[in-house]
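A look at the structure
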Amino acid sequence: MTSPRRVLTALLTSTAVVGALAACGDSEASDAPTLTVYSAQHESLVRTMLEGFTDETGIELEFRDANDSELANQIVQEGEASPADVFLTENSPSIDVVDKAGLLAPLDEATLEQVGEQYRPSSGNWVGFAARSTALIYNPDEIAEGDLPASMLDLADPAWEGKVAIAAGGADFQAIVSAVLAIEGEEATRAWLEGLERNAEIYASNTAIMKAVDEGEVPVGITYHYYWFRDQAQDGLIGDDARLHYFGNQDPGAFLSVSGAGVLASSDQPEEAQRLVEYLTARAAQERLADSSALEYAVGNGVASAEALPPLDGLDAPVVDPGSLDAARVTELMQDVGLL
Ligand SMILES: [Fe+2]
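Residues numbered from 1 in each chain as written. Predicted model: local features only at pLDDT ≥ 70, side-chain atom pairs only at ≥ 80, totals over all residues. Heavy atoms only, no water.

**Some remarks on the packing of helix α11 (residues 270–281) against helix α12 (residues 283–291)**
- Close contact between α11 and α12 brings their axes to 4 Å; oriented N to C, the two are set at 50 degrees. In terms of orientation, α11 and α12 fall into the oblique class. For the pair α11 and α12, the contacting residues are Tyr-279, Leu-280 and Thr-281 in the first and Arg-283, Ala-285, Gln-286 and Arg-288 in the second. (Axes fitted to C-alpha atoms, helices over the stretch in contact; angles between N-to-C directions. Helix = DSSP H or I, 4+ residues; strand = E, 2+ residues; numbered from the N terminus. Parallel < 35°, antiparallel > 145°, perpendicular 65-115°, else oblique. Contact = heavy atoms within 4.5 Å.)

Have a look at this one:
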């Protein structure tokens, strides 16, 4: 027979257990590891690639989405106090700004080795997780393919005055300029930019360039490949009259821009942050990129990109250490010649 005293004890105990469970539930919610990810890549691409990460690891993700230079500048300003654990960029010059400021931790060797050497910097402090090819978008009703320039650098010639569209203010175009700077040196780059300052029509985005070329407003534009491919996949509503020309031949106009991922040295969850970058560059995430509507290139070892795209190894891109691209110098040069 149970004495009243034992019943009371049991009640107290179960109340205590319930209380403890509730407290435990509460503290689990606030203690669940959550990574703060500063992300400048296209939101849908990043979310697609990271699908399943939280289910698989129990690590929650909180995103701050903005553009490359905004987030890089924010991290540099925040310094050691930055809430960011992981930084994902659309183009690599911005993640390299953070690397050069000493704010990135070395990545795990196994993560680096998931991606070809040409898609990561020699520092080993960040890694490429997607790639985009420079291309010349043109309107065949306005200019025959045979009349296109042999090199992107030729677009600075006076013959091209008023005929070239660029998105001078965007991180994409500025990454292309950083490749010209790395390959051709400062004087040649300045001369090219001076020519473009005279020749170019300035647009706000790659999509605006595609529309202007499609409508015959301007015959050619400097862009990345995937804007046109994405548009084609969505019925070609903006760019159906435009075509892409690849310079190849290791021309600066064949530059392959890499999207970068890195772990902040100041992260208080370095293991979880390393795990995210590992996940992003592993085969499964790279295959999700290849199968997605993003139409950017996968860079994971042995992962084929979307079938609609010309194969990456046939593009004959120039060899550039992505850790040698100088975003700050590009901004200065573009300001000097009046493009910014
Ligand atoms: Fe983009």
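Following the structure, the description resumes.
**Quick word on the coordination of the iron ion**
- Donor atoms from the polypeptide that coordinate the iron ion comprise His-42 (NE2), Glu-90 (OE), Tyr-226 (OH) and Tyr-227 (OH), at 1.9 to 2.1 Å from the metal.
- Along the chain, the residues that donate to the iron ion are spaced as H-x47-E-x135-Y-Y. Residue His-42 is found in the loop between β1 (34–39) and α2 (43–49), and its partner Glu-90 is found in the loop between β3 (86–88) and α5 (92–100); the two are separated by 48 residues along the sequence.
- Classification of His-42 by relative accessible area gives partly exposed; the value is 22%.
- Look at Glu-90 and you get buried, because its relative accessible area is 12%. (Donors = N, O, S within 2.8 Å, 3.2 Å for Na, K, Ca; no water. Buried < 20%, exposed > 50% of the residue type's maximum accessible area, 1.4 Å probe, protein only.)

**A word on helix α7 (residues 171–184)**
- An ideal rise of 1.5 Å per residue puts 20 Å on 14 residues; α7 measures up with 20 Å between its terminal C-alpha atoms.
- Among the 14 residues of α7, 10 are classified as buried, and the element is accordingly described as predominantly covered.
- Buried residues of α7: Asp-172, Phe-173, Gln-174, Ala-175, Ile-176, Val-177, Ser-178, Ala-179, Val-180 and Leu-181, and no others.
- Positioned one or two residues after α7, Gly-185 has a phi angle of 85 degrees, which is positive. (Expected span 1.5 Å × (residues − 1).)

**Some thoughts on the pairing of strand β5 (residues 126–138)**
- Here β5 lies mainly inside the structure; 13 of its 13 residues are buried.
- Relative to strand β10 (residues 256–264), β5 is paired through 7 bridges, and the arrangement is antiparallel. The residue of β10 that forms the bridge with Arg-132 is Ser-257.
- By the bridge criterion, 5 bridges tie β5 to strand β8 (residues 220–224) in an arrangement that is antiparallel. Bridging from a neighbouring strand, Tyr-138 pairs with Val-220 of β8.
- By the bridge criterion, 3 bridges tie β5 to strand β9 (residues 243–245) in an arrangement that is antiparallel. (Pairing = 2+ DSSP bridges.)

**Looking at the pattern of salt bridges**
- As enumerated under the stated definition, the model contains 11 salt bridges in all.
- A salt bridge links Glu-43 to Arg-47, with the shortest nitrogen-to-oxygen separation between them at 3.8 Å. Of this pair, Glu-43 and Arg-47 both sit in helix α2, 4 residues apart, which is roughly one turn of the helix.
- For Asp-96, the salt bridge goes to Lys-100, with nearest N and O atoms at 2.3 Å. Residue Asp-96 and its partner Lys-100 are located together in helix α5, separated by 4 residues, close to a single helical turn.
- A network of salt bridges, in which partner residues are shared, links Glu-90, Arg-132, Asp-172 and Glu-296. (Salt bridge = Lys/Arg side-chain N within 4 Å of Asp/Glu carboxyl O.)

**Re unusual backbone geometry**
- Residue Asn-249 is not a glycine yet carries a positive backbone phi of 55 degrees.
- The topology assignment puts Asn-249 in the loop between β9 and β10.
- When its relative accessible area of 64% is taken as the criterion, Asn-249 is described as exposed.
- Look at Asp-316: it is not a glycine, yet its phi comes out positive at around 50 degrees.
- Counting through the fold element by element, Asp-316 comes out in the loop between α12 and α13 (327–337).

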